[in-house]
Each structure stands twice: as C-alpha cells, then as structure tokens.
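Next come the chains, spelled out residue by residue.
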Amino acid sequence: MKKVFLHTLTIRIWHWINALIVIALMVTGIQLRVPEVEGIARQMAIWIPEYSMAVLIHKYIGYAMALSFLFWLIYIFASGSFRTHYLPRPADIPILGKQTFYYIIGVFQGSENPFSPTAEGKFNPLQKIAYGSVMLVITPLIVVTGVLFSDIFFFRSVIDRLGGVRLLDALHVLASYLFLLNLIVHLYMCTMGHHIFDHIKAMILGFEEMPDESPSKH
Amino acid sequence: MPILVIIFLILSSPVWAAVPSDDCFDCHEKFKKRTSHESIACTDCHLGIKEIPHAEKLTRPTCNACHHKTVERYSAGIHKSKGLACNQCHAVHGKKKGADCASCHPNVAHKTLPSKAKHLATLNCVACHGKLDKSGITATVTLPKGATLEKKVVDRDGNGFANPAEWHAFEALLDQKFKGYKLEKQYWAYGDNHEIMPKAADCGECHEKRTRFASAVGRITDVTSYSVQITPSVFIPEFPSLSEFPKTVHGQKGVRCTDCHISKDKITDKVCVRCHEQVYHTYEKSIHAKKGATSCTDCHNPHLIKTYKEFNAKERIAICSRCHKDYITRHEWLPNTALHFDYLECTTCHSPGSEKSMVFFFANKKDNKKNALQYEALERVFGKNVHLKSVINNYAENMVKGEEIGRFVIDLKKKMGEKIYVDAEILVTKVHHDYSVKRLKERNCVTCHSPEAHFYNSMYLILPEKDRHIYVPVKGTLLSIYPIGMALDIYLLGEEKITKDDLYALLGKAPEGSPAYAKSLGFKLIDLVGVILVILVILSILAHALLRILVKR
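Since the model is a prediction, treat every value here as computed from it, not as a measurement. (Residues numbered from 1 in each chain as written. Chains lettered and ligands numbered in written order. Predicted model: local features only at pLDDT ≥ 70, side-chain atom pairs only at ≥ 80, totals over all residues.)

## Here we look at the overall build of chain A
Then comes step 1: Across its full length, chain A holds nine helices and two strands.
Then comes step 2: Secondary structure elements of chain A occur, N-terminal to C-terminal, as β-α-α-α-α-α-α-α-α-α-β.
Then comes step 3: For chain A, the proportion of its 218 residues judged to be buried stands at 18%.
Then comes step 4: Taking contacts inside chain A between residues at least 6 apart in sequence as the whole, the part at least 24 apart equals 71%. (Helix = DSSP H or I, 4+ residues; strand = E, 2+ residues; numbered from the N terminus. Buried ≥ 20, exposed ≤ 12 C-beta atoms within 10 Å, placed from the backbone. Contact = placed C-beta atoms within 7 Å.)

Below, the structure written as structure tokens:
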C-alpha cells in the first residue's frame, strides 16, 4: 500500500466548512420553498428553525457561502491547483468513455477503476466535468443571484438589466436544483473508494491509501 | 461707503456743530454722561438752536431723520396707532429701556390659543404677532459621538425631501440604533419688533396656508453634517380650511361642521359612533383600542379630502408609524425590509380579518422615483373629461381584463414615453377594525409568495377619474402574459412555484391537454423537472448501490 497525498490542509478545512454551509442553505432553502416541511418536521420531532429564523439563516449563511466561494476561487487559482486538477486535457478524452463504462458496468464486474488519483491530478474526466460545473458555473450563479436578492433596492439597476426579479428567482431556483443533483451524486460517489470510507478519510487526513499495483478485490 | 460714514461721523461730531455740545452741558450737565446717541451733537436732534441761550420753546426732536426705515415700519404697527412714542420704549439719552414685549405685557393669558403651553414654549412673540421677514423650522439631530448616518437613510427615495413617512421612519431608526442622540426642534421667526400687527396671525397661516413656517430643514450632525429639506407638516400639523371642507369625504357626504362640533369641547368618539357604529364596536373590543389609540381621531383625520382607498401604501404606513416608530427595526427578520414597506401597508399582515387585494395603478418612473399617474396627466393625453374606464374597457363590463390593462399600457407608453408602467401594491380593501394581532404566527413568506396567495383572487385597478379614484375589479392575471419589462416591479418571488392543482392538471385533468398545460407553466417547469430529476437520480443511485451490495463491490 502507498499513501497518495490528495488534499491540502486548507482545502480539507474549507471542504468541511463549506459542507456545513451547504447543508444549512439546503435545509433552509427547501424550507423557504416548501414551508409545509416545517409542519412535517415538527410531527417527526425533528428540530427545524422557525420560518422567520430560516429566512435569516438563509440570508446570512448565504453571505458565508459567498465568502467561502471567493476564498476557494482565489485559492484554487493562486495555488495552481486549478491547472493541476481542474483544467481538462486532451488526454482526458479517451478515459471519459472508459470511466463512464466503469461506473455503469465495470464496477459490478469487478474491473479496476481506469483512473487512480495522484497528487498530479486527483480528478478523473467525469469528476472534472462535475466539479468544474458545480464550482465554476452553478455555485457562482447561485451566489451572485443570492447576493442580488439580499438587497433588491440596492441592486435594482443591475437586476433590471439582467431581466428582473422574476428571471433572477428562476435562475436561483434552477441553480439550486442543479446543485442538489450534484450533491446527491457527490455523496454517493464518495463511497466509491477501495473501502467505502476511503474518500471521506482522505478528505479528513489528506491522503488516501492505494494499492501499489493492482487494485485489491473485496 | 465706510469713508462716507467716517465723514458723516466727523461732521456730526460735537466739535463741528454750530453750537458745540460742550456749551449745552454747561446748563444740561446730566446729559454729558449720556450712554445713548453719545456720538452725535445735541443740536442734531434738538433743532432750531443757533446760539446760546436758546429759545424757550423748541420743536420736539423727531427720530425720523435717521431712523426713517424703522419709523416707517413702526407706523404700520399697532403700537403707533395706540399712540406710543419712540421714547416710551427707548431711552434716548440713557441705556435702552427694556424694549422687549414682556416688560409691558407680562403673563399674557393667551386664553384662546389651543395647545397653549406647546405654542408658548416654542415660539417667540413676533412669530404670531409680528410681520415676519423670515421663518422656518430647524430640527437638529446630534448623533452620539463617532456615529454616522448617510443622507439616503433620511431621504430614502432620494428626492431631496423627507416626507412625513420618511421622517418618522428616520426617528424610529434613531430610537433604535442611536441611543443617546439629541433631537432639537427650533421654530425660528425673524421679524421687526416695531411692526406688531393689531391682530395675531390666525392658525391657518401656519397650519393650513403655510404663509409662516413654510420650510423645515433637518440638520444631521455627526462626523460630517448635512441638511435635508423636510415637509413642514411633519412638525406643524395641517388643519382643514373651511373653503376646502366641502371637498372632504365628510363634506361630500353632506356632513356639516356643526354635526360634529356640537360644543367647544374636544370631540370624542361619541360623536363618531353616531354614524360609524359598527366599526366602532369592532374596534372598541380590540386590544389596540384599550391600550394604544383610544379614540378614533388618534388615527383618523376627519377633515381629509382623500378617502382611505386613495391612500397608497406609504401614506397608510405613515398613520401607524406615528406611534409605531420602530416598525422597520421590528421587521428586520423580513428580507428586503424597506422594499416590502414600499408595497405593503401594516394591516396587510396585522389585520387578518380585513380583505386584502392586489391593486394595480399606472405609474411613471422619473429619476428612479415612482409617481402614480394623476387624472390631469391622463386628461392631457386622452382629452378633456375623459372617462378612462371606458377607454380601457370597450365592453362596458364592470371588470377589466389583464390583457386590456396590458394593451392600455402599451398605448400609454407610445403616448407618454417609455417610463410608464403598471405598478402594484397589496392593500387592505375592506377594513376590519381589529388590529390587535401583534405577531402573526406564520411569519411565513408563502402566505404571499405563492401562486395561491389570497390577494390574487381579489385584484383591482385603481383608476384616476375626475375628482375621485375608482376601483375596477381585474379579471385574470396580469403578470405572466406580458413582457417582463412592463410589470417588472410587481413580481412576487415564489409566484412561479408548482402547486398541487398544477400537478393534477398535468396528470390529465387539464381541459387543453397535458402538453399544452405544461407549456403554459413557464418557470414553474423548473420545479417539475427539478423534482423529477432528483427522484430519478436517487432511484438510480439506490439501484447502483443495491447492485454493488449484491456483487459485493
């Protein structure tokens, strides 16, 4: 077994803080959109913030999300990890098909993952597409529309130019559905390491244990 | 100029006079030490002295030669007509005799002056009794040390003027966030004490016509200081005028002055209840009546020309915010607080028994400021005495349709410019007089931000007609049919959210067929597709996971 260093301490801390932020925003966001959730949660004796509190939480944690995103953006470009991990390369193209085949069929046949993460590139082409779109399209969209919503008075001229509150609302909701879809897949895919918790451990400790040559069979 | 003054002083000095003043003092010794008029010679005023000894009888000195402007003003005043000479107030040779009012008029009873203490504490005598050169109100707000407040907080709409609603909101903010601030109001009036009018100014000069105290300025002093013009009615309440009374709501309904003003006593609710019995009894039982505004006139001005229905959201809020000054800070949980208060009145939420409606009106956007279109402006476009309802609604129904309003606005834009649009507010249209609901249990955005919100079932177009606004019921929705730009400001978030009814309709119950219905859903489709995708993804993940467990991977 060899240890492959994948996640810097900064990214690990950022990841878990961001995770908390996302959970808070998701829960309150759903509550804002579907207030019936509150009644259902009460019946099941699950604590859920009061509606007005949810509004405030969503707003202020939303600011936190904006900061968190900004931090990530600066870090990823300043540290060069955008080049290393996110930037699609021609070499990715042939793996794309193999990777998709592996997730849909290969994994059940016991074949090995065509991609193994290294410090020189931790994402396979599919991950590049997924993380790239989440972090560089969906999140900015959600953050920008959200910030514009925080003070419609103040941003009125910008909002009018973008097409009005109605379009802004549609974009924010659309982006949050896309985000949710990605999050569900993300949560499932993190169990796809050699051991079920390997990827999660890596996000805590920074490195992942990999078999030296051939993947171990379970 | 100064040279002329110096020459005049030199020539008039006692040394140069025909009979030097020193010669006069030989006999009139006590005037040698006079403390007034000491720089001019005796003979400047005591005319006709050519040599000493002088004639027994001299002409009485007049002040006119030097003080002619003052004398002129004085002769127009009451004191002159009562025969008071200059020297009855002014000691010509000695120290100035107390020329202030109180020395002759101590403790004036001011029996007929209403709110006597308030008037006497804030005004000087000339404010009412004199002819004024200048008058105004200055409200100086001194913020606690180091605190700053931007001008746009005071003048929220940026028109350079703080109206009553804006000023009350500002005072509320001060109470909440700037503990230890100071607000000093000064009612300043400059006039000449020489020109006192025979009769004091009547109340209307300040309270109605505003010929006195016609301007008010707020001076906010913090690290930097600045001034904001304020509508004077913030500080001096408006009174009705007799000539305007027939135009008031009461006047139009045939109520006469003496129907309410039975005696000199202050009007009580007993007078109101004679006509407004039902409303009174609803209100009487509410907590608001017991603890807060106990009499009708605490909120209602019986001399108003506008009907309550003609009040927009801001004007309605201004009534409540006279007492509930902290309404903005109390609603901080509400996102975009200020924006909400542009479109809602307090009772939109705090009077559950009232009927609320979405009311549309035509407005003009000018320098980021919205103004409802008035009849006069529309008359200029559509001709004199136009009946607007019949212009909008060709079929002479009692309703207008959404598309009729749309067509009218497009027409208006062509005639009056691109800044015309339809605006809307959510207002109470049928009042239930119980405002005791302090905190709505459901601080719930979806009460309004949902396609099922109650006010969509009760929509009106406020149409300015000659002398009156009329409420025309609106049929169908206005929002989704027309291009975004037209009704930009009346979109409520969450309006386009899929509902149960939509789902049932999609599942085959729509008369026009599911695909056509789906097409009409617009942005609501995001919800539909989103939820379906989420379910599909979860299902496929479950299937994937199950297979993994089965093949032990």
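Okay, back to it.
## Notes on the interface of chain B and chain A
Interface size is commonly expressed as the accessible area that is lost once the parts come together.
Then comes step 1: Tallying the contact residues gives 29 residues for chain B and 31 residues for chain A.
Then comes step 2: Looking at the side of chain B that touches chain A, the elements with two or more residues in it are helix H18 (337–343) and helix H25 (524–550) of chain B.
Then comes step 3: Element by element, the count of residues in the side of chain B that touches chain A is highest for H25 of chain B, at nine residues.
Then comes step 4: Taken together, the residues of the side of chain B that touches chain A break down into 19 nonpolar, three polar and seven charged. (Nonpolar A, V, L, I, M, F, W, Y, C, P; charged D, E, K, R; others polar.)

## Structural notes on the environment of Ile 204 of chain A
All names here are of chain A.
Then comes step 1: Following the sequence through the fold, Ile 204 ends up in helix H9 (residues 198–205).
Then comes step 2: We classify Ile 204 as exposed; it has 11 C-beta atoms within 10 Å.
Then comes step 3: Sequence-wise, Ile 204 and His 15 are 189 residues apart; in three dimensions their C-alpha atoms are separated by 9.4 Å.

## Some thoughts on the sheet that holds strand E2 (residues 161–162) of chain B
All names here are of chain B.
Then comes step 1: Pairing within the open sheet is mixed, and its five strands lie in the order E2-E5-E4-E1-E3. Bordering the open sheet on either side are E2 and strand E3 (182–196), each of which pairs with just one other strand.
Then comes step 2: Two elements, strand E1 (residues 130–142) and E3, share 11 bridges in a ladder whose sense is antiparallel. Along E3, the bridge assignment pairs Leu 132 with Gly 191. (Pairing = 2+ DSSP bridges.)

## So, the pairing of strand E4 (residues 216–221) of chain B
Residues and elements named next belong to chain B.
Then comes step 1: Residues of E4 alternate between two faces, with Ala 216, Gly 218 and Ile 220 buried on one and Val 217, Arg 219 and Thr 221 left unburied on the opposite face.
Then comes step 2: Relative to E4, E1 is paired through six bridges, and the arrangement is parallel. Looking at E4, one finds that Ala 139 is bridged to Gly 218.
Then comes step 3: Between E4 and strand E5 (residues 225–230), which follow one another and run antiparallel, lie three residues.

## Re the confidence of the model for chain B
Residues and elements named next belong to chain B.
Then comes step 1: With 89% of its residues at a pLDDT of at least 70, chain B reaches an overall mean of 80.
Then comes step 2: Averaged pLDDT values for the elements of chain B fall to 58 in helix H1 (residues 2–12) and rise to 91 in H25.
Then comes step 3: Across residues 480–486, confidence stays below pLDDT 50; counting only partners more than four residues off in sequence or on other chains, it has 14 contacts.
Then comes step 4: Under the prediction, the complex receives an ipTM of 0.88, its pTM being 0.60. (pLDDT = per-residue confidence, 0-100.)

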